[in-house]
Structure formats: structure tokens, C-alpha cells
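Chain by chain, the residues:
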Amino acid sequence: MWFKVLEKPPEPNAMAEISVGDNQLVLTNYNGKLYCFNNRCPHEDFQLSFGCVQKGKVKCSLHGFSFDLVSGESSEEGVESLNLFRVKIEKDVIYVEINPDQ
Ligand code: FES
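Participant: Describe the side chain of Glu97, naming the residues involved and giving the relevant values.
Facilitator: Take Glu97: it is sitting in strand E10 (residues 93-97). Side chain to side chain, Glu97 and Arg86 meet in a polar contact 2.8 Å long.

So this is what it looks like as C-alpha cells:
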């Protein structure tokens, strides 16, 4: 199901914290594309919005592990992948898709 989240994209490489129901998410604008992911690091549940976006990855500020913005894959072996959400823009409004099983 698609949820309206913002009416303008975050600044390049900035991370906007958004809430959709019980989901705490981050929307980021990297190289002109929008990416959305869970705001909890899969390693130890730290807020990823305290980290930064660089080289196509979001880097967690607690232990420095990175997660790919496209695949969600972790830089660290044995750490779960980041949960990603699809994003679309319609008439300048940004939507995120959240499925009940996510
Ligand atoms: S909590 Fe994010 S890398 Fe450890």
C-alpha cells in the first residue's frame, strides 16, 4: 500500500525521518534518486538517521557498518540486510510503499 510522506525531496544526501503508522523510516536523496529504508540499523537497532549517506550507501554512526541503498546489503558479513521500501513521485508528492509483512 502506498502512503504519502513528503511534498518535496530532502536536500542531496540529507536524510528525512518519516513515520508511517508504526514504521520509523528514512527518506534520502542520493544522486537525484530517492531511497527509503528502516530507521533502525540491522546490527544493533541504532538510528540510521544519525549516520550519513555516501557512495550509494547509508553508514551507521555507531559501529560504521554500511548498507547499500539499492540492495540493502550490509558491508559486514553476518549482519542482516537493511529493509528497503519502494518510493514513487506523483505530481510532486512523494509516496512510500509499505506492505503489511514489512
Ligand atoms: S548499530 Fe549500526 S553498525 Fe552497529
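Participant: Describe the sheet that holds strand E5 (residues 52-54), listing the residues and the values that go with them.
Facilitator: Strand order in this open sheet of 3 strands is E5-E6-E7, and the pairing throughout is antiparallel. Strands with a single pairing partner mark the edges of an open sheet, and in this sheet they are E5 and strand E7 (66-68). Neighbour to neighbour, the strand axes of the sheet diverge by 30 degrees on average, direction disregarded. For E5 and strand E6 (residues 57-59), the ladder comprises 3 bridges, and the chain directions are antiparallel. Paired with Gln54 across the strands is Lys57, a residue of E6.

Participant: Lay out the packing of aromatic side chains in plain terms, naming residues and giving numbers.
Facilitator: Taken as a whole and judged by the stated rule, the model has 1 aromatic pair. Lying across the ring of Trp2, Lys88 places its NZ or CZ 4.5 Å from the centre. A cation sits over an aromatic face here: Lys88 above Tyr95, 5.6 Å from the ring centre.

Participant: Give a description of the pairing of strand E9 (residues 87-90) that names residues and reports values.
Facilitator: When E9 meets E10, the two strands line up antiparallel, connected through 4 bridges. Paired with Ile89 across the two strands is Ile94, which belongs to E10. Counted between consecutive antiparallel strands, the loop separating E9 from E10 contains 2 residues, among which Lys91 sits at a positive phi close to 50 degrees.

Scoring rules and cut-offs
Residues numbered from 1 in each chain as written. Predicted model: local features only at pLDDT ≥ 70, side-chain atom pairs only at ≥ 80, totals over all residues. Heavy atoms only, no water. Helix = DSSP H or I, 4+ residues; strand = E, 2+ residues; numbered from the N terminus. Polar contact = N/O pair within 3.5 Å; in protein donor to acceptor, adjacent residues only side chain to side chain. Pairing = 2+ DSSP bridges. Axes fitted to C-alpha atoms, helices over the stretch in contact; angles between N-to-C directions. Phe/Tyr/Trp six-rings, centres within 6.5 Å; stacked < 30°, edge-to-face > 60°. Lys NZ or Arg CZ within 6 Å of the ring centre and 35° of its normal.

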